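Here's the letter readout for the chains.
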Amino acid sequence: QVQLVESGGGLVQAGDSLRLSCAASGRTFSSYAMGWFRQAPGKEREFVASISWSGGSTYYADSVKGRFTISRDNAKNTVYLQMNSLKPEDTAVYYCAADYRIGVVSTVVSDFDSWGQGTQVTVSS
């Protein structure tokens with residue numbers, strides 16, 4: 001089992017940037033894919049971005065493509081989400097998650113095994 005702790009959320013204005021971090025512990029971080037998801041009030045949790053164990057493959061939701069960048073530092077057991085040109089519709093609780101399956105990178109919520117507690121991102125217009 002891996003423990004995940006997100007940080008870096010906050011209140012920003014439209015057009016600003018934020019970088020979220022997710023620190024992992026308890027399992028070999030470099031062996032599994034990671035993802036970022038978000039959930040706005042009254043909505044289902046949705047996929048934002050995911051990255052393979054090596055960082056060589058990345059996937060993005062259409063709504064964030066070109067604005068957000070997912071990356072990882074396996075030496076620091078951390079995955080990041082750089083968010084640029086933020087919009088009010090990006091407001092949500094952001095969660096990082098780990099997928100223990102070997103050799104795959106998913107975009108599906110139910111494929112991920114461990115979740116952090118979430119960090120709030122609020123973008124004002």
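Being a predicted model, the structure only gives us computed values, none of them experimental.

Rules behind the numbers
Residues numbered from 1 in each chain as written. Predicted model: local features only at pLDDT ≥ 70, side-chain atom pairs only at ≥ 80, totals over all residues. Heavy atoms only, no water. Helix = DSSP H or I, 4+ residues; strand = E, 2+ residues; numbered from the N terminus. Rg over C-alpha atoms; globule rule 2.2 N^0.38 Å. Buried < 20%, exposed > 50% of the residue type's maximum accessible area, 1.4 Å probe, protein only. Contact = heavy atoms within 4.5 Å. Areas by Shrake-Rupley, 256 points an atom, 1.4 Å probe, with all protein chains shown as cover. Lys, Arg positive; Asp, Glu negative; His and termini not counted. Charge placed at Lys NZ, Arg CZ, Asp CG, Glu CD. Phe/Tyr/Trp six-rings, centres within 6.5 Å; stacked < 30°, edge-to-face > 60°. Lys NZ or Arg CZ within 6 Å of the ring centre and 35° of its normal.

Enquirer: If you had to explain the overall build of the chain to someone new, which residues and values would you point to?
Expert: Within the chain, the secondary structure is distributed over 0 helices and 11 strands. Each helix (α) and strand (β) of the chain, taken in turn from the N terminus, gives the series β-β-β-β-β-β-β-β-β-β-β. On C-alpha atoms alone, the chain measures out to a radius of gyration of 13 Å, which is about the 14 Å that the 2.2 N^0.38 rule sets for 125 residues. Dimensions of the chain, computed from the C-alpha atoms along their principal axes, are close to 40 × 25 × 25 Å. Per-residue burial for the chain yields a buried fraction of 42% across its 125 residues. Across the chain, the fraction of contacts at a sequence separation of at least 24, relative to all contacts at a separation of at least 6, is 58%. About 6000 Å² of surface is accessible on the chain, with carbon and sulfur atoms providing 47% of the total. Each charge sign in the chain was given a centre, from 11 positive and 11 negative side chains, and these centres are 3 Å apart.

Enquirer: Help me get a handle on the packing of aromatic side chains, residues and values and all.
Expert: One pass over the full model with this rule turns up 6 aromatic pairs. With 5.6 Å between their ring centres and 70° between their planes, Tyr 32 and Tyr 100 make a pair best called edge-to-face. With a gap of 68 residues between them, Tyr 32 in the loop between strand E3 (18-25) and strand E4 (33-39) and Tyr 100 in the loop between strand E9 (92-99) and strand E10 (114-115) connect regions that are remote in the sequence. Judged by relative accessible area, which is 16%, Tyr 100 ranks as buried. Aromatic rings pair up to connect Phe 37, Phe 47, Phe 112 and Trp 115 into one cluster. Geometry around Trp 115 places Arg 45 over its ring, the cationic atom sitting 4.8 Å from the centre. Positioned above the aromatic ring of Phe 29, the side-chain terminus of Arg 72 is 4.4 Å from the ring centre.

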